[in-house]
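Descriptive analysis of the structure
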Amino acid sequence: MKNFPRVLLIAAAAALVAAPFLTGNPFYQRIAALTALAAISASAWNLIGGYGGQVSFGHSVYFGIGAYASLLAYTKLGVPPIAGAPLGVLASFALSVIVGLPSFRLRGHYFSMATIAIAALAEVLVTNWGFAGGAIGLMGPASPRSLADLLFRSALPYYALFVAVLASLLGFTYLMQRGRMGFYLRALGSGERAAESLGVPIRRYKLYALLVSGAFTSLAGSLYAVMVGFIDPGSGFGILVSVNMVVMSALGGAGTLFGPLVGAIILVPLEETTNALLGGGSSGAAYVVYGAIIMLIARFSPGGLAQWWPLLSGKGRRGAA
Amino acid sequence: MILLQLGVDGLLLGAVYALFSSGLTLIWGMMNVVNFAHGDFVMVAMYVAFFAFTLLGVGPIVFVPLAAITLFGLGVLVYVALVRHVMRGPMLAQIISTFGLALFLRYAALWLFSANFVSLPDTLVGGVYDLGGLRLSASHLLAGATALVLTLGMHLLLTRTDLGSRMLAVSEDRTAAALVGIRPDPMQALAWGIGAASTGVAGALIALFFYVSPEVGNSFTLLAFVTVCLGGFGSVPGALLAGLAIGVIQSISAYFLGPATKDVAVYALFVLLLWVRPQGLLGRA
């Protein structure tokens, strides 16, 4: 019976992954795809923000770079949007080194303040950049020219693609968590001075974490642009893009393996259903709720839901943090 | 002449920036907590001014103090209900708590008041004075002068009064202050109240000449960060000088580079400053 909860958990997870294929309802399938996509960027944020404790509000820049890379590749080069994804990843590496590295001198609040300013700066610059569509943004292909355009009427192919990317990210996170990098990052997250005095090469490992985190966030942006077929400065670089990553990680449990996924599974369906019921996402009601959730988590349960349910952390029952 | 005009416009605007930034720097200096909702406090104050005028028909003599009182209450409430509990918790909780508050205020305003821009009538504090070619609008003059006086007042409160000494004692060492009979919690609640009230006054003054919208707070938060960073974290005189400087930078860059770039200049300045001197230009290491 010792392994019973784990077996149950795996069965439940398998059922959850398969469920969208079993339902015929396109609304649910779309929600499932969006959930998987949100889980990718939240889990990517979690690497540096959760494990490493570097609370970035600027990850929208990576997301925007990925999204714009795919639609720029399509509009300027005529190639399928997904071909822009590797370019986005390359650009994200450059950003991590050029902008991330100097920002790592800053600790705690100072780092977060800098990331907010960097994201705001990027949004203003893109809005005024005519080549990338300015304030209007960019459109993807209207109808598929070939399979490579990845334009499907159903959300299921996207869902399968997103789950595959998510699984590889979580696989990486799992291995990292057990390895040297995981220990270094967690040491960093629980006290930067202490980690440094113990000889953790903090700037190098912050950079490693940011490189992976930024690359997957950029990939999430590219996948978003491929599926939605439209991007503008707000939906790519806006602060709310970062907010989604932060709130999902914090709700499920920042610095845990499955925390961001659980946060996405709770929040994306909630947001999509309320938007469907209240008519459009412009009312802002969802973000009132997000703000309240963030405050409640900070006030009562800084470890997120994982604080109450150690299995979420992927460490089994005894390894509760 | 145009440079002089831009300089004076910038100084008047900068005085208002200085006022709400000194609220942020007070809170930061007292307890090492950054209020990510600071600009949204300004936004709330702007709506207080707007609704006080449209619903009650009162002018700035009434709505500026009203905004100050409302925001004082909001500040104390935020400290007592939220910040007090997270300030010694994990860094993540400290940072996201006021960020969550910012989202909550911003989108509650969007939900309640819609995204439309509203503004007070230009004629509320009307008139333009002409000083030998230098044009000064009455609303900017009122806002700038009031803000300047109040910022200096806050500095005197902190450095010349018994209350200020108590607050300083708590900020230097909580435990030691408690040992000599100063209870830290009321002092810190007061710091939040005063810090928020200063944004209340500043917001109501800005509303005299600036549009009001739920999302206006984001840029004010960043402006306050830049000001506090430039002036040194925790320093009110530093915030005053920095606020004036940023007002001038904004007004000059908006004129020569176009209005879209006025924020770019300020944000870029902020990021560079943080990279080069994380403790602030005038701050101690």
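Reading the values: the criteria
Residues numbered from 1 in each chain as written. Chains lettered and ligands numbered in written order. Predicted model: local features only at pLDDT ≥ 70, side-chain atom pairs only at ≥ 80, totals over all residues. Heavy atoms only, no water. 1 Å grid on protein atoms, 1.4 Å probe; cavity = no way out; pocket = protein on both sides within 12 Å on 5 of 7 lines; lining within 4 Å. Points joined across faces, edges and corners; volume = space filled by probe spheres on them. Helix = DSSP H or I, 4+ residues; strand = E, 2+ residues; numbered from the N terminus. Nonpolar A, V, L, I, M, F, W, Y, C, P; charged D, E, K, R; others polar. Buried < 20%, exposed > 50% of the residue type's maximum accessible area, 1.4 Å probe, protein only. Contact = heavy atoms within 4.5 Å. Buried area = accessible area lost by both parts, 1.4 Å probe. Salt bridge = Lys/Arg side-chain N within 4 Å of Asp/Glu carboxyl O. Polar contact = N/O pair within 3.5 Å; in protein donor to acceptor, adjacent residues only side chain to side chain.

Comments concerning empty space enclosed by the protein
Applying the stated criterion to the full structure yields three cavities of 30 Å³ or more. Going through the elements one at a time, α3 (60–77), α4 (85–103) and α5 (108–127) of chain A are the ones with two or more residues in the lining of the largest cavity. Volume-wise, the second largest cavity comes out at about 80 Å³. The wall of the second largest cavity is formed by I116 and I239 of chain A together with F36, F99, A102, L103, R106, N218 and T221 of chain B. When contributions to the lining of the second largest cavity are tallied by element, the ones reaching two or more residues are α4 (91–113) and α9 (217–231) of chain B. Looking at the lining of the second largest cavity element by element, the count peaks at four residues for α4 of chain B. Across the lining of the second largest cavity, the residue classes break down as six nonpolar, two polar and one charged.

Some details on the side chain of Q188 of chain B
Residues and elements named next belong to chain B. As for its placement among the helices and strands, Q188 is situated in helix α8 (residues 184–206). Take Q188: its relative accessible area is 1%, and that puts it in the buried class. With residues near it in sequence (within four places) discarded, Q188 still touches M30, M31, Y79, M87, V170 and R174.

Digging into the interface of chain A and chain B
Each side of the interface is counted separately: chain A has 43 residues, and chain B has 40 residues. Carbon and sulfur atoms make up 83% of the surface buried where chain A meets chain B, a total of about 3800 Å² over both sides. Run the count over chain A and chain B and you get zero salt bridges. Along the contact surface separating chain A from chain B lie five residue pairs in polar contact (both at pLDDT 80 or more). At the level of secondary structure, the elements contributing two or more residues to the side of chain A that touches chain B comprise α4, α5, α11 (239–252) and α13 (285–300) of chain A. Sort the elements by how many residues they give to the side of chain A that touches chain B and α5 of chain A lands first, with 13 residues. Class assignment of the residues belonging to the side of chain A that touches chain B gives a composition of 32 nonpolar, nine polar and two charged.

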